[in-house]
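Analysis of the macromolecular model
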Amino acid sequence: MERVNQLLSIFFSSSNLNEYKIELSIFLISIVLTYVFTHRWNQRNLKGPKSWPIIGVLIELLMNYHRMHDWVTEYFVESKTFKVPLPFTTLTFIADPANVEHVLKTNFSNYPKGEDFHTCMKELLGDGIFNSDGDMWRQQRKISSFEFASKNLRIFSTTVFRDYTLILAGILHQASTCGKEIDMQELLFRMTLDSICKVGFGVEIGSLADELPNHRFAKACDDATSTVTYRFINPLWRLKKFFNVGSEALFVQSIQVIDEFTYSLINKRKAELQGAKATDNTTNNAKHDILSRFIELSENPDNNLTDKSLRDVIINFVLAGRDTTGATLSWFIYMITVNPNVAEKIYKEFITFEKKQAKEIIEYDPEEEPKPFAERLAQFASLLNYDSLGKLSYLHATITETLRLYPGLPQDPKGVLKDDVLPDGTKVRAGGLVVYSSYAMGRMMYNWGLDATSFNPDRWFNKEGLFQSESPFKFAAFQAGPRTCLGKESAYLQMKMTLAILCRFFNFNLIPDHPVKYKMMTTLNMEHGLKLTVSARQS
C-alpha cells in the first residue's frame, strides 16, 4: 500500500501533471484537426461551397452576403444543384428547370412556404398571400384571382398607370430643362407606390407630389424588408430580437410606421364605404379597388377576415406592386442606357406605332409642324390602352429580357415537409429549404445558350418574328405552378405604359462612375439608386 501511494505521489507531482496536461491537449487538438481534415476531405468531390463542422458554410455566406446572388451564380456554373449547410438548416439551391417544376408544381404540396419562412416574415407580411399556406392561402388566392380577372379593374388600372406616368413625365421634363441630376429608381418607386395605393386601396398618397415629400411608410418598408432578408442567414437574429438591439430594434420601429399607415388606410376606406352606402352612392374607386372588395368580404363572419387580415392584404400587395415593378423598371432604364442600340430599336417601334395608331383615330399629317411637348405627350398617351400596348412586341421582349437577368424576386425559398428526391437524384431532408434562384437561372448557359449573360431582347422572337414565351420553370420571374404570380399581367401593363411614355419622349444618360449594384433585400433593388440625367426628345 505504501508503494502504491509513492507511485501516485510521483505521478501527480507538479512537473508530471503539467506534462500530462500538455500531452492531453496535444491529443485533443489532434483529434479535432483529424476530424476537421476528414470532414473537408470527404467533400473534395462535392459540388458547391465546402462546409466546416457545426457552422457549415456560414462564414463564407456572411462574407459574400452583399453579393449573394452572384455568389450563388458562380456555384451554379459548376453544378445545377448544390447544398449550403448552415447551423440550423440546410439550403438546397436549384437551377435545373426540371427540379424547379418538381418543387413548384409536380410535388407542390411538399414544398410550402414553411414555418421558417413564416417565422422570419410574420411581423412584416403577417398571414398575407405571400406568407401563408393551406386554406388561408387558398382563400386569399381565390379572392385575389377573381379581382385580377375583373375587366373593371383592368380598365381602372390602365387609367391610373397612365395618369401617374404622366405626372412622372412632367417631373422628368422639368429636370431636363435645367440639366438636373435625378435618382430614377426613387422616382419609379414613388410612382409604383402611388399606383398600387390607388389601384389596390383607392387612396391618393401623393409621393410624386411637388418637392417629392418624404414618405415614412416607403422608408419603413425598405428597412423592414432588408432586416427580414438578413434573418434567413443570421442564426442570432432571435437573440437580437429578444434584446431589441441593432437591426431588430430598427425593425420594430419600421413595423410601427407600417402598421400606423395601413390601419389608418383601412379605417379611412371603411368610413368612405359606409358613407357611400348611407347615401346609396358607390364611387368608382369603391367598385374597383382590391381593398374595398376584401372589406366587403370581411363583413361576412364566415370569411374570418379581421382588420389584421386586411392589414396583411395591404402590405403583401404593396410589396408586390411597388417593389418588384419599381425594381424591374429601374433595371430596364439602366439596361437601355448601357445598350443604346436597344433603346433606338424601342424608339423606332414607338414612332411606327404612333403613326399607325394616330392614323386610325385622327387625321395624321407626317409633314405637320411639331407640337409643343405637353401636347405631343398627351396625344401619345391617349393612344395607349390595354389592347394597343399589346402591339408593342419589342418593348414586351425587352421587359422580359430585363426580367430574365434582373428578376424582381431574385430567389425564393420553399420549405420541405417530407424527405424527397429531386428529378436529378438530389435528396432533400424534411425541415430543410429548397431555393430556386431566378437570378442565377437567367445567367446559365445550360438554360439559355452561350450568350446567356448578354442582354438580347431578340432571343424572345421565333423565326417568324413573333414573340415566343419560354417555360415558366425556366423563366421563373413570376414563379410557376399553383403560386404563379396573379399580378403578372397587371405588372406588364404598368411597365409597358410607363416605358412607352418615358422612352418615347426622353433619353437617359447614366452619371459617370455611378455604381449600379443590387442591395440584399427580398426584391432586387439598386443599393445606390440609379443616378442619371435626362433629356427630352425633340421629335
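Above: the structure in question.
First, a word on scope: everything that follows refers to the structure included in this document. (Residues numbered from 1 in each chain as written. Predicted model: local features only at pLDDT ≥ 70, side-chain atom pairs only at ≥ 80, totals over all residues. Heavy atoms only, no water.)

As for empty space enclosed by the protein
Scanning the model with the defined rule gives three cavities of 30 Å³ or more in all. For the second largest cavity, the calculated volume is near 40 Å³. Lining the second largest cavity we find Leu403, Arg404, Pro407, Ser438, Gly442, Trp448, Lys474, Phe475, Ala476 and Ala477. Taken together, the residues that form the lining of the second largest cavity break down as six nonpolar, two polar and two charged. (1 Å grid on protein atoms, 1.4 Å probe; cavity = no way out; pocket = protein on both sides within 12 Å on 5 of 7 lines; lining within 4 Å. Points joined across faces, edges and corners; volume = space filled by probe spheres on them. Nonpolar A, V, L, I, M, F, W, Y, C, P; charged D, E, K, R; others polar.)

With respect to the packing of helix H10 (residues 216-231) against helix H12 (residues 246-278)
Where H10 contacts H12, the two axes come as close as 8 Å, and the packing angle between them is 135 degrees. Between H10 and H12, the crossing angle belongs to the class labelled oblique. Crossing hand, H10 versus H12: left-handed. The segment H10 lies against H12, with Arg216, Phe217, Ala220, Cys221, Asp223, Ala224, Thr227, Val228 and Arg231 engaging Ser247, Glu248, Leu250, Phe251, Ser254, Val257, Ile258, Glu260, Phe261 and Thr262. Residues that form the contact of H10 with H12 fall into these classes: ten nonpolar, four polar and five charged. (Axes fitted to C-alpha atoms, helices over the stretch in contact; angles between N-to-C directions. Helix = DSSP H or I, 4+ residues; strand = E, 2+ residues; numbered from the N terminus. Parallel < 35°, antiparallel > 145°, perpendicular 65-115°, else oblique. Left-handed = near helix turned anticlockwise from the far one by under 90°. Contact = heavy atoms within 4.5 Å.)

A look at the sheet that holds strand E2 (residues 90-94)
Spatial ordering of the open sheet is given by E1-E2-E7-E4, a layout of four strands whose pairing is mixed. Two strands close off the open sheet at either side, each with one partner strand: strand E1 (81-85) and strand E4 (411-415). Strand-to-strand, the axes of this sheet are offset by a mean angle of 25 degrees, without reference to chain direction. Two elements, E1 and E2, share five bridges in a ladder whose sense is antiparallel. (Pairing = 2+ DSSP bridges.)

Digging into the pairing of strand E7 (residues 433-437)
Counting buried positions along E7 yields five of five residues, so the element is predominantly enclosed. Sheet topology note: the E2/E7 ladder contains four bridges and is parallel. Each bridged residue has a counterpart across the sheet, and for Leu91 the counterpart in E7 is Leu433. With five bridges connecting them, E4 and E7 associate as antiparallel partners. Within E7, the position partnered with Gly415 by the bridge is Leu433. (Buried < 20%, exposed > 50% of the residue type's maximum accessible area, 1.4 Å probe, protein only.)

Re the layout of surface pockets
In this model, the largest pocket occupies a volume close to 500 Å³. Lining the largest pocket are 21 residues, and of these Glu186, Phe189, Lys219, Asp222 and Arg322 sit closest to its centre. Among the secondary structure elements, those contributing two or more residues to the lining of the largest pocket are helix H9 (184-201) and H10. Ranked by residues supplied to the lining of the largest pocket, first place goes to H9 with five residues. For the lining of the largest pocket, the residue count by class is six nonpolar, six polar and nine charged.

Considering the packing of aromatic side chains
For the structure shown, the criterion picks out 24 aromatic pairs. Relative to Phe380, the ring of Phe353 lies with its centre 6.1 Å away and its plane at 75 degrees, an arrangement referred to as edge-to-face. Here the residue Phe353 occupies a position in helix H16 (residues 340-361), and Phe380 occupies one in helix H17 (residues 373-382), the gap between them amounting to 27 residues. What makes Phe380 buried here is its relative accessible area of 0%. (Phe/Tyr/Trp six-rings, centres within 6.5 Å; stacked < 30°, edge-to-face > 60°.)

Brief notes about the sheet that holds strand E8 (residues 506-510)
Strand order in this open sheet of three strands is E3-E9-E8, and the pairing throughout is antiparallel. The sheet is open, and its two borders are formed by strand E3 (182-183) and E8, each paired with just one other strand. Relative to strand E9 (residues 531-536), E8 runs antiparallel, the two sharing five bridges. Paired with Leu510 across the two strands is Leu532, which belongs to E9. Strand contacts of helix H8 (residues 151-178): E3, E8 and E9, with the helix running at about 90 degrees to E9, the strand carrying the most contacts.

Quick word on unusual backbone geometry
With a phi angle near 45 degrees, Leu212 is a residue other than glycine that sits in the positive phi range. By the secondary structure assignment, Leu212 is in the loop between H9 and H10. A positive phi is found at Gln479, a non-glycine position, where the angle reads about 60 degrees.

Side note on the side chain of Thr398
Inspection of the secondary structure assignment puts Thr398 in helix H19 (residues 393-405). Residue class for Thr398 comes out buried when judged on its relative accessible area of 0%. Of note is the side chain of Thr398, whose polar atom sits 2.7 Å from the backbone oxygen of Tyr394. For Thr398, the contacting residues outside a window of four places in its chain are Phe332, Val342, Ile346, Phe455 and Pro457. (Polar contact = N/O pair within 3.5 Å; in protein donor to acceptor, adjacent residues only side chain to side chain.)

Describing the packing of H17 against helix H22 (residues 488-505)
Helices that pack against each other are described as a pair by the angle of their axes relative to one another and the distance between those axes. Relative to each other, H17 and H22 sit at 145 degrees, their axes nearing to 11 Å. Crossing hand, H17 versus H22: right-handed. The residues of H22 that touch H17, namely those facing Phe373, Arg376, Leu377, Phe380 and Ala381, are Ala500, Ile501, Arg504 and Phe505. Its residues placed into classes, the contact of H17 with H22 shows seven nonpolar, no polar and two charged.

A look at the nonpolar core
Of all hydrophobic cores here, the largest spans 146 residues; its most connected members are Leu124, Leu172, Met184, Ile333, Phe506 and Phe508. Looking at this core element by element, the count peaks at 14 residues for helix H15 (residues 307-338). Sequence-distant contacts of Phe508, defined by excluding residues within four places in its chain, comprise Leu172, Met184, Ile333, Ile336, Thr337, Leu502, Leu532, Thr533 and Val534. (Core = buried A, V, L, I, M, F, W, Y, C linked by side-chain atoms within 4.5 Å.)

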